[in-house]
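Examination of the molecular architecture
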Amino acid sequence: MKKLILSLITVICLAASSFAVPGFTPYVPNCNGDFVYYKDSSFTRETYIGILCYDEGTYQLRYYAPKNEEQLLPPKEIALLVTINKDLNHVEFTGERIISTVLPETSDVDIVNYLHDIFYDFAARRAKVENVKGFGERAVKTQQNYPQYGGNVTIVFDSVIPLFNIKKIIDSTGTEVLTCATFGRITSSEDKTFEKFTGFSKTLQTDGKKKTLVTEKAKSQKAVYDKQVLKIDTNWKQAMENCWVLDVNSFITLSLIPGVEDASLRENDAYLLRSILSSNSETYNNLLSIDFSEDQKNGKYKINVENYSAKNGHIIRNTQILTRGAVPSEVKGFERTDKYLFYYFSMATFKDAYEANPAYFNKIVKSYKINH
């Protein structure tokens, strides 16, 4: 399809590869390779807990704590493979293999047990909650007793988060004791995106090129693609039919994305949001930094999120706007019965370039319009 270049974010689970953790059926199906990481504040040091599904019966559970220079603590990792009985309606482990160093008679053993408990507890607590269809402001909030996190807690379930749909756990003081940090999907046995996650760097790395804006006056111009329009200036160069670049600083994309065939409006939105927020290729969407807003009346979503590259330490600030709309009659290639799509705007900017002049970039985002 000529108009649809963002194939990366339109890869949606098909029934043949989807599955459910025993005990419940998620609104948005899980797929082989899905993973999720949580920042777990019940530990005294910065800690992340990861869960990866290889298939419906095989999972990797991973504990990772980054190096802590103040406490003179080296990085710590514990990982294990587990298998479960996929034919039951509850979680039951059938096998386990530790794939990292675990020292006997140390806290390592407690961490292994903790990983077991997390998997059991998350599955059991998710199974008690029906109809987790909402996301964002309409996520499902339940009150539960969870001794590990201080007793009475609020568990927020969001259909966009894979595996257990758990977005965060909030204790009785209003503190987030567990928060979804990132999620994604590995695409092969060689894909190291899950195991390479080591948290989010607090130090901004650059590639040595000064990310400052061109200072001379530039004439205004419009970037136009189908019915989407925004105001930029002549410092921006058109790289493709629907892409514009600002030297090494920023990259703008306008596109059209089809909905999922035979899906409801809200289900389409949840599918798409999971796809565009998924981490891949060792680049992680930092959901701890996300700014998400929804205009329910107009079917519009705006997302500001930082992308962190484990390969080079770069941080990209990505602003994305999704707007549900009818398929224009002149758009060809939509061999579907659905009569709507999503207009898509993305501006990916190096964080240091954005911070040098946020007003410049924010003005461009604000100018974005769809001429229906």
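One structure accompanies this document, and this report is about it. Being a predicted model, the structure only gives us computed values, none of them experimental.

Rules behind the numbers
Residues numbered from 1 in each chain as written. Predicted model: local features only at pLDDT ≥ 70, side-chain atom pairs only at ≥ 80, totals over all residues. Heavy atoms only, no water. Phe/Tyr/Trp six-rings, centres within 6.5 Å; stacked < 30°, edge-to-face > 60°. Helix = DSSP H or I, 4+ residues; strand = E, 2+ residues; numbered from the N terminus. Buried < 20%, exposed > 50% of the residue type's maximum accessible area, 1.4 Å probe, protein only. Patch = residues over 30% accessible without salt bridge, like charges linked within 9 Å, V, L, I, M, F, W, Y side chains within 5 Å. Areas by Shrake-Rupley, 256 points an atom, 1.4 Å probe, with all protein chains shown as cover. Salt bridge = Lys/Arg side-chain N within 4 Å of Asp/Glu carboxyl O. Lys, Arg positive; Asp, Glu negative; His and termini not counted. Charge placed at Lys NZ, Arg CZ, Asp CG, Glu CD. Polar contact = N/O pair within 3.5 Å; in protein donor to acceptor, adjacent residues only side chain to side chain. Contact = heavy atoms within 4.5 Å. Pairing = 2+ DSSP bridges. Axes fitted to C-alpha atoms, helices over the stretch in contact; angles between N-to-C directions. Core = buried A, V, L, I, M, F, W, Y, C linked by side-chain atoms within 4.5 Å.

Details of the packing of aromatic side chains
According to the stated counting rule, one finds 22 aromatic pairs in the structure shown. Between tyrosine 48 and phenylalanine 197, the aromatic rings sit 5.3 Å apart at their centres with planes inclined by 90 degrees, giving edge-to-face as the arrangement. Here tyrosine 48, found in strand S4 (residues 48-55), pairs with phenylalanine 197, found in the loop between strand S11 (176-185) and strand S12 (220-225); they are 149 residues apart in sequence, far enough to count as distant. We note that tyrosine 48, like phenylalanine 197, is buried.

With respect to a positive patch on the surface
Side chains of Lys222, Lys231, Lys300, Lys302, Lys363, Lys366 and Lys369 sit close together on the surface and give a patch of like positive charge. If you list the elements that add at least two residues to the positive patch, you get strand S18 (300-309) and helix H4 (358-367). Mapped onto the elements of the fold, lysine 366 is located in helix H4. When its relative accessible area of 73% is taken as the criterion, lysine 366 is described as exposed.

A short note on the side chain of threonine 154
Tracing the backbone through its elements, the reader meets threonine 154 in strand S9 (residues 151-157). At 3.1 Å, the side chain of threonine 154 forms a polar contact with the side chain of glutamine 143. Other than its neighbours up to four places away in sequence, threonine 154 contacts Lys141, Thr142, Gln143, Lys168, Ile169 and Ile170.

Remarks on unusual backbone geometry
In the Ramachandran plot, leucine 163 falls in the positive-phi region, its phi being about 70 degrees despite a non-glycine side chain. Within the element layout of this structure, leucine 163 appears in the loop between S9 and strand S10 (166-170). Positive phi, close to 65 degrees, is recorded for glutamate 282, a residue that is not glycine. Relative to the assigned elements, glutamate 282 resides in the loop between helix H2 (265-277) and strand S17 (283-295). Under the relative-accessibility criterion, glutamate 282 is labelled buried at 17%.

Some words on the sheet that holds S10
Ordered in space as S7-S6-S5-S4-S3-S11-S10-S9-S8, the 9 strands form an open sheet in which the pairing is antiparallel. The open sheet has two free edges, formed respectively by strand S7 (93-98) and strand S8 (140-146), since each of these has just one partner strand. When the angles between neighbouring strand axes are averaged without regard to direction, this sheet yields 20 degrees. Here S9 pairs with S10 via 4 bridges, running antiparallel. Residue pairing in the sheet places valine 156 in a bridge with lysine 168 of S10. Together, strand S3 (34-40), S4, strand S5 (58-65), strand S6 (76-84), S7, S8, S9, S10 and S11 form the strand contacts of helix H1 (residues 107-127), whose direction differs from that of S6 by roughly 50 degrees.

A short note on the pairing of S8
Pairing of S8 with S9 involves 7 bridges; the strand directions are antiparallel. Residue pairing for S9: tyrosine 146 is matched across the bridge by glycine 151. Between S8 and S9, which pair antiparallel in sequence order, lie 4 residues; one of them, glycine 150, sits at a positive phi of approximately 100 degrees.

A closer look at the nonpolar core
By size, the foremost hydrophobic cluster in this structure holds 60 residues, and its most contacted members are Ile51, Phe122, Phe164 and Ile169. Other than its neighbours up to four places away in sequence, phenylalanine 122 contacts Tyr38, Ile51, Tyr146, Phe164, Ile166, Ile169 and Leu178. By size, the runner-up hydrophobic cluster in this structure holds 21 residues, among which are Ile232, Leu254, Tyr354 and Val365.

Quick word on the pattern of salt bridges
For the coordinates displayed, the defined rule picks out 9 salt bridges. A salt bridge links glutamate 294 to arginine 138; the shortest N-O distance between them is 2.4 Å. Of this pair, glutamate 294 sits in strand S17 while arginine 138 sits in the loop between H1 and S8, and the two are 156 residues apart along the sequence. Of the residues examined, glutamate 294 reaches a relative accessible area of 17% and is grouped as buried. Overall, the relative accessible area of 34% leaves arginine 138 in the partly exposed class. The partner of glutamate 176 in a salt bridge is lysine 168, and the shortest N-O contact between them spans 3.0 Å. Looking at lysine 168, the relative accessible area reads 19%, which means it is buried.

What about the side chain of serine 346?
In this structure, serine 346 sits in strand S20 (residues 340-350). Classification of serine 346 by relative accessible area gives buried; the value is 8%. Among the polar contacts made by the side chain of serine 346, one reaches the side chain of asparagine 318 at a distance of 3.0 Å.

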